[in-house]
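Observations on the three-dimensional arrangement
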Amino acid sequence: MRLVIASLLVLALCYVHLTLAAININAGRRYFIGGEFTVVNGTNANNIVAFDGKKYITMGTGTNGPVKVVHIDIFKNVYIGGSFTTAGGVSTGPIAVWRFDKSNWERVGNLTSSHFANNAVVNAIETDCMNLVKNLNFPCDVFIGGNFKLTVPAGEATNIAKYDYSSTSWDVLSGHGMDSTATVHALVKKELGLPTEKALKKLWVGGDLGGGVYLKMYATDSKKWNNIAGPNNVVYDFYYDPNVFSTDVIYVTGAFDFTCSSSRCTYLASLNHKSTAFTAVGNSTALMVAGGAIRRIDVIRDGDIYVSGTVQDNLKYMKKGQNDFLKVSSNQPKTNPVLALDVCGETDLGCKAGSVVIGSYNGLKFYNEGDGTWTGQEEYFTGAAFTVNSIQSTLYVSSASMTGISFLLILVAILSLIFF
């Protein structure tokens, strides 16, 4: 059965490649950059901007406050969270979505700034878009985390909430035990998998969650919360292999340093979602610096791990099967700390696998794995100071090509109906 499904998915991927070549569409890698800035390349961008490798593209009028996180769903809709109240002039509260098919900002689940208490911040966004067989109109459940109070018909949500696509309503995910002093920094949930997989029913929540707790798991079927022992300091990021047949391992990063499996898990650990046991990942103790933390992680080639933050050299990677973390290149620039990270994977189109984009205070740099060069983009950001907090990239296809993409969505829907 797995071989059949894998073969069909490969055929679907081949279709995408052939479609892109055959209909001569406007396709390429597009980077979505969120942070604190105003003018980019002479145009008002206001905290969120897109870059196609050659030019910067504004996204409406941006936001009226900093963007902390950028998230792209499988339909290429771009979600942003932060400490803003409007996006594109629309009252959204600190969460908004840029619709791929409309090229404008919209509210998520009809939220407005009036639903949030003052000073609300969204730091983390996760989507689950596998309601595809029910509706093709971007059927995504949306999870948000941060430091906020949100009032909806279901009650008051503190620091975490879920928009349920099927019921078009917000769930406050009660019972987590967090108060207003806690902050969620990271969310992850497996989206693709066989229907019997329990991993599909688990939402992992990281941050400074109060009471000495830094990691929690929410069971979406039973609606119960569990504190996960291990990390002894803030959790900042997760990496969960999105592959349908991936292992049980979730990578967890943060400012922690604790004993795990007779070793030390310093800033980075692998978590088995079934047993909740932690295992050290490489020689991460060599990354330690005073006040350090890994803030971002990415994994490519089924095992090459890239990490960034306040660590030795601020950006390192470890090849699959190795133990030591190395510089990405010998000419790697000094940027401290690296707040945002995006790495081109081996199946990504429009970039060379191993190419890297990093963002920081007053810094945005691109590394081309093909020729080993770094290119700074700081000159395009006007002003005394700017910050890049989050970068996400995707293959961008123009709306003129939606016929081919729609056929692909129908194909995926058929596969879902047959096998799921």
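Residues numbered from 1 in each chain as written. Predicted model: local features only at pLDDT ≥ 70, side-chain atom pairs only at ≥ 80, totals over all residues. Heavy atoms only, no water.

Before going further, it helps to spend a moment on the pattern of salt bridges. Following the criterion strictly, the structure yields 14 salt bridges and no others. Note that Arg264 and Asp257 form a salt bridge whose closest N and O atoms lie 2.6 Å from each other. You can call Arg264 partly exposed: its relative accessible area is 38%. In this structure, the salt-bridge partner of Lys365 is Glu378, at a minimum N-O distance of 2.9 Å. In this pair, Lys365 sits in strand 29 (residues 363-368) while Glu378 sits in the loop between strand 30 (373-376) and strand 31 (381-382), placing the two residues 13 residues apart along the sequence. Since its relative accessible area comes to 19%, Lys365 is described here as buried. (Salt bridge = Lys/Arg side-chain N within 4 Å of Asp/Glu carboxyl O. Buried < 20%, exposed > 50% of the residue type's maximum accessible area, 1.4 Å probe, protein only. Helix = DSSP H or I, 4+ residues; strand = E, 2+ residues; numbered from the N terminus.)

Let us look at the side chain of Asp164. Along the chain, Asp164 falls in strand 14 (residues 155-164). Polar side-chain contacts of Asp164 include one of 2.8 Å to the side chain of Ser167. When neighbours within four sequence positions are excluded, Asp164 is seen to be in contact with Asp141 and Ser169. (Polar contact = N/O pair within 3.5 Å; in protein donor to acceptor, adjacent residues only side chain to side chain. Contact = heavy atoms within 4.5 Å.)

Strand order in this open sheet of three strands is 24-25-26, and the pairing throughout is antiparallel. Edge strands, defined here as strands with exactly one partner in the open sheet, are strand 24 (293-300) and strand 26 (315-318). Direction aside, neighbouring strands of the sheet carry axes that sit 20° apart on average. Direction of pairing for strand 24 relative to strand 25 (residues 304-310): antiparallel, over a ladder of seven bridges. Considered in strand 25, the bridge of Ile297 is made with Val307. (Pairing = 2+ DSSP bridges. Axes fitted to C-alpha atoms, helices over the stretch in contact; angles between N-to-C directions.)

Note on placement: Gln377 falls in the loop between strand 30 and strand 31. In this structure, Gln377 is in contact with Phe51, Tyr56, Leu364 and Phe366, ignoring residues within four places of it in sequence.

With that settled, consider the state of the cysteines. Applying the stated criterion across every chain, the model contains three disulfides. The disulfide bridge from Cys129 ends at Cys140, spanning 2.0 Å between sulfur atoms. One quick way to see it: the torsion about the S-S bond of Cys129 and Cys140 is about 105°, and its sign makes the bridge right-handed. Of this pair, Cys129 sits in the loop between strand 12 (121-128) and strand 13 (141-152) while Cys140 sits in the loop between strand 12 and strand 13, and the two are eleven residues apart along the sequence. One exposure class covers both Cys129 and Cys140, and it is buried. (Disulfide = S-S within 2.5 Å.)

Before going further, it helps to spend a moment on the pairing of strand 30. When strand 29 meets strand 30, the two strands line up antiparallel, connected through four bridges. Opposite Lys365, over in strand 30, you have Gly376 as the bridge partner. Hairpin geometry of strand 29 and strand 30 is characterised by an intervening segment of four residues between the two adjacent antiparallel strands and by a positive phi of about 75° at Gly372.

It is worth stressing that arrangement in space is one thing and function is another; only the former is reported here.
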